[in-house]
Amino acid sequence: LGINGVYAQDNPTVTYDASVHEFAVDNTSGLDFFNGMKNVIPGDTRIQKIDLQYTHVTQDLSVYLSAQCKDTDMIELLKDATMDIYVDGHLVSENQWIFDGVLIGEVQESGLHEMEVHLHIPTSLGNEIAGKSMLLQWVLTVQEEETVQTPTETPDVSVVPDDSQDIISPQPSVTPSSGNQ
């Protein structure tokens, strides 16, 4: 992730300040930085761009993205939902299950990067999701790497939205879409 750039001001921005090990989220409603991932139906592909800003970086950072859900039945229903992740236009993960923690990059210096997440809801999800609602949390985690630390001593810092996000809205019936955003 060595490329710095300037991106649209409208994208949600997640800033990680390595000097205090804290996240800040801007251009969002609360911590909802995945606003583009709502009301999906089978066949949808949704794209969400997020600006990732890293400040005061003095050691290598590993950055991960995952989704979390407390409802095991819904996790089973979404077993074929995947995501592709691009950072600064480069594919870093393809066809990744949304509930796996995905390494989206290694950061060696302060800078701004654009992450683009493509969420794919397969057409194989049919009417079994009709009328269901799924609350999903997207989690961004930074792991700080110090050469003198052992893996068990490496601190992890995560930003987790205040509220779970309802990505599947109740529908009277579900028909595959054309995949438009």
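Note that the coordinates shown come from a computational prediction; the quantities given were computed from them, not determined experimentally.

A.B. asks: I keep staring at the nonpolar core and nothing clicks. Help me out?
C.D. replies: A general tendency of soluble globular proteins is for nonpolar side chains to be buried together. Among the nonpolar cores identified, the biggest contains 40 residues, and L65, I85, I98, F99, I104, M115 and W138 are the most heavily contacted of them. When residues of this core are assigned to their parent elements, the largest contribution, five residues, is made by strand 9 (residues 134–145). Aside from chain neighbours lying at most four places away, what touches I98 is S66, A67, A81, T82, M83, L119, L136 and W138.

A.B. asks: How should the pattern of salt bridges be read in this particular structure?
C.D. replies: It is possible for side chains bearing opposite charge to pair when their charged atoms get close. Considering all chains together, one arrives at three salt bridges under this definition. Note that E76 is salt-bridged to K79, the shortest N-O span being 3.6 Å. Relative accessible area serves as the criterion here: at 45%, K79 is assigned to the partly exposed category.

A.B. asks: Quick question: what am I supposed to make of the environment of I85 here?
C.D. replies: With respect to the helices, strands and loops of the structure, I85 is situated in strand 5 (residues 82–87). Residues I85 and M115 lie 30 residues apart in sequence; the distance between their C-alpha atoms is 7.0 Å. Excluding its chain neighbours within four sequence positions, the residues that come into contact with I85 are L65, H90, L91, V92, S93, V102, I104, M115, E116 and V117.

A.B. asks: Please clarify how the side chain of H118 should be interpreted in this entry.
C.D. replies: By secondary structure assignment, the location of H118 is in strand 8 (residues 111–120). A distance of 2.6 Å separates a polar atom in the side chain of H118 from a polar atom in the side chain of E116. Apart from residues no more than four positions distant in its own chain, H118 is found in contact with T45, R46, I47, T82, M83, D84 and Y86.

A.B. asks: Looking at this structure, how should I read the side chain of E114?
C.D. replies: Inspection of the secondary structure puts E114 in strand 8. No salt bridge is formed by the buried E114; its nearest oppositely charged neighbour, K49, is found at 4.6 Å. Polar side-chain contacts of E114 include one of 3.1 Å to the side chain of N11.

Cut-off values and rules
All residue numbers refer to positions counted from 1 along the written sequence of the respective chain. Note on the predicted model: pLDDT of at least 70 is required for a residue's local features to be given, and 80 or more for side-chain atom pairs to be given and counted; whole-chain, interface and lining totals, by contrast, use all residues. Excluding hydrogens and water, the side-chain figures rest on all heavy atoms present in the structure. Each nonpolar core is a collection of buried residues, namely Ala, Val, Leu, Ile, Met, Phe, Trp, Tyr and Cys, held together in the definition by side-chain atoms within 4.5 Å. Three labels apply to residues, based on accessible area from a 1.4 Å probe with only protein chains included: buried if under 20% of the type maximum, exposed if over 50%, partly exposed otherwise in between. In this description a helix means any DSSP run of H or I spanning at least four residues, a strand means any run of E spanning at least two, and both kinds are numbered starting from the N terminus. Between two residues, a contact is recorded if the distance between any of their heavy atoms is within 4.5 Å. Any carboxyl oxygen of Asp or Glu that lies within 4 Å of a side-chain nitrogen of Lys or Arg is treated as forming a salt bridge with it. By the criterion applied in these results, polar contacts are pairs of N or O atoms within 3.5 Å in which, for protein atoms, one can donate a hydrogen and the other can accept it, and in which residues neighboring in sequence qualify only through two side-chain atoms. Under this rule, positive means Lys or Arg and negative means Asp or Glu; His and the chain ends count for nothing.

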